[in-house]
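# Architecture and fold: a report
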Amino acid sequence: MTLPAGWTTRRPTLDDVPVILAVVHAADTFAIGYPDFSAEDVAECLTAPNFDPAVDSWLGLDPDGAVVAWATVDNRTGKGREFVEVYVDPDRGSALRAPLLDRQLARVGERAAERGLPSLTVRCAAYEPEEQWRKILLDAGFGLVKRYVRMSRPLAGLPAAPPAPPTGVTVRPVRAGDEADLRTFHRVYDIAFRDTLDYEPQDYAAWRARFGADTAWDEWWVAEVDGEPAGVLQSSGQGLDQNEGWVKNLAVLPEWRRRGVGAALLAYAFAGYAAKGRASAGLGVDLTNPTAPLSLYRSVGLREVRAVDMYELVIKAAG
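Now for a quick tour of the structure. (Residues numbered from 1 in each chain as written. Predicted model: local features only at pLDDT ≥ 70, side-chain atom pairs only at ≥ 80, totals over all residues. Heavy atoms only, no water.)

Okay, the sheet that holds strand 3 (residues 67–74) next. Sheets are built from strands paired through backbone hydrogen bonds, the pairs being either parallel or antiparallel. Spatially, twelve strands are ordered 1-2-3-4-5-12-6-11-10-9-8-7 in an open sheet, and the strand pairing comes out mixed. This sheet does not close on itself; its edge strands, each paired only once, are strand 1 (8–10) and strand 7 (169–173). Pairwise comparison of adjacent strand axes, ignoring direction, gives a mean angle of 25 degrees for this sheet. Contacts from helix 1 (residues 17–32) reach strand 2 (58–61), strand 3, strand 4 (82–88), strand 5 (119–127) and strand 12 (303–316) within the one sheet, and its direction differs from that of strand 3 by about 85 degrees. Sheet strands touched by helix 4 (residues 97–114): strand 1, strand 2, strand 3, strand 4, strand 5 and strand 12. Its angle to strand 4, the strand with the most contacts, is close to 160 degrees. (Pairing = 2+ DSSP bridges. Helix = DSSP H or I, 4+ residues; strand = E, 2+ residues; numbered from the N terminus. Axes fitted to C-alpha atoms, helices over the stretch in contact; angles between N-to-C directions. Contact = heavy atoms within 4.5 Å.)

See the structure below:
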């Protein structure tokens, strides 16, 4: 697909972080109502594993030479699906979204060939206001595969101490300096997510390498039943720009589900966020995940605030 007359593209470098960030902020504000990316996030994307900006990414420029679009592909583990994003400034860059998607899909075909695979599955997300993007995806052959819901609750007025957990259940922070405890956390996380549709297993070493000295380990929690690990909760900093504590993953072993373990972990996380002055707590829910019923999250005060649809397409290897 050709570019509109007068529009151009080039590859990004780390020097482009400020202009890329401006594009992403404009795109996020249109899609979700506020900027949801930082300069550090952009730099991390440009230096991510299994990503080379010289071949995996494009900048789109309008006829005046201003950067108004950024296309990228993400697959940090080098396994499973590819995730493609095409950010555009909605006021200036919409004409580039379809051509840049076309280029990224061609690149996914090349990445499949480089990995010696017959094909790769690519996914793209679309928020509710992004009707034009949704049409572009459907026209390209994508199909809707699932919907995620973002949930949130205010923390004002939350008691300083969480309610007592069910009898026999105790909740504590993970022991970040204890390798055995981190391995236990990973084991519970791995077992609990094995029965979800899209889970891609990762061994302990690869999982542990994702978390460095800046990880807020005091926001990671372990639930035990009669002294045995039953569930874990991992927080992340992705909601900090909105002063929101964010539950990245909640995992409960199958034999302990629907017995109050998940609710207890959430209660401790919320109390921890509130103690740090966070205004709200949030998480995302995959509506196809049978282990994450909305009833649990609603029972602890979370409510749906936004939905995002995930679209999918299989791309054959190039050549």
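Moving on: the pattern of salt bridges. All told, the structure shown has 28 salt bridges when counted by the stated rule. For aspartate 56, the salt bridge goes to arginine 111, with nearest N and O atoms at 3.1 Å. Linking aspartate 56 in helix 3 (residues 53–56) with arginine 111 in helix 4, this pair joins segments that are 55 residues apart in sequence. By relative accessible area, aspartate 56 is classed as buried at 2%. Aspartate 181 is the partner of arginine 175 in a salt bridge, and the nearest nitrogen-oxygen pair spans 3.7 Å. According to the relative accessible area criterion, aspartate 181 is buried, its value standing at 5%. (Salt bridge = Lys/Arg side-chain N within 4 Å of Asp/Glu carboxyl O. Buried < 20%, exposed > 50% of the residue type's maximum accessible area, 1.4 Å probe, protein only.)

Think of a pair of aromatic rings as described by two things: how far the centres are apart, and how the planes are tilted against each other in angle. For the coordinates displayed, the defined rule picks out 14 aromatic pairs. Where tryptophan 207 meets tryptophan 220, the ring centres are 6.1 Å apart and the plane angle is 65 degrees; that geometry is what we call edge-to-face. Here tryptophan 207, found in helix 7 (residues 204–208), pairs with tryptophan 220, found in the loop between helix 7 and strand 8 (221–225); they are 13 residues apart in sequence, far enough to count as distant. The class for tryptophan 207 is buried, based on a relative accessible area of 1%. Both rings, one in phenylalanine 211 and one in tryptophan 217, keep their centres 6.2 Å apart while their planes meet at 70 degrees; by these two values the pair is edge-to-face. When its relative accessible area of 12% is taken as the criterion, phenylalanine 211 is described as buried. Look at tryptophan 217 and you get buried, because its relative accessible area is 14%. (Phe/Tyr/Trp six-rings, centres within 6.5 Å; stacked < 30°, edge-to-face > 60°.)

Attention shifts here to the side chain of glutamate 82. Residue position: glutamate 82 is located in strand 4. Within the structure, glutamate 82 has its side chain in polar contact with the side chain of asparagine 75 (distance 2.7 Å). Those residues in contact with glutamate 82 that lie beyond four places of it in its chain are Val73, Asp74, Asn75, Val108, Arg111, Arg115, Leu120, Thr121, Val122 and Arg123. (Polar contact = N/O pair within 3.5 Å; in protein donor to acceptor, adjacent residues only side chain to side chain.)

To continue, consider the pairing of strand 10 (residues 244–252). Among the nine residues in strand 10, eight count as buried, and that is most of the element. Strand direction decides the pairing type here: strand 9 (residues 228–236) and strand 10, joined by six bridges, are antiparallel. Each bridged residue has a counterpart across the sheet, and for leucine 233 the counterpart in strand 10 is leucine 250. When strand 10 meets strand 11 (residues 280–286), the two strands line up parallel, connected through four bridges.

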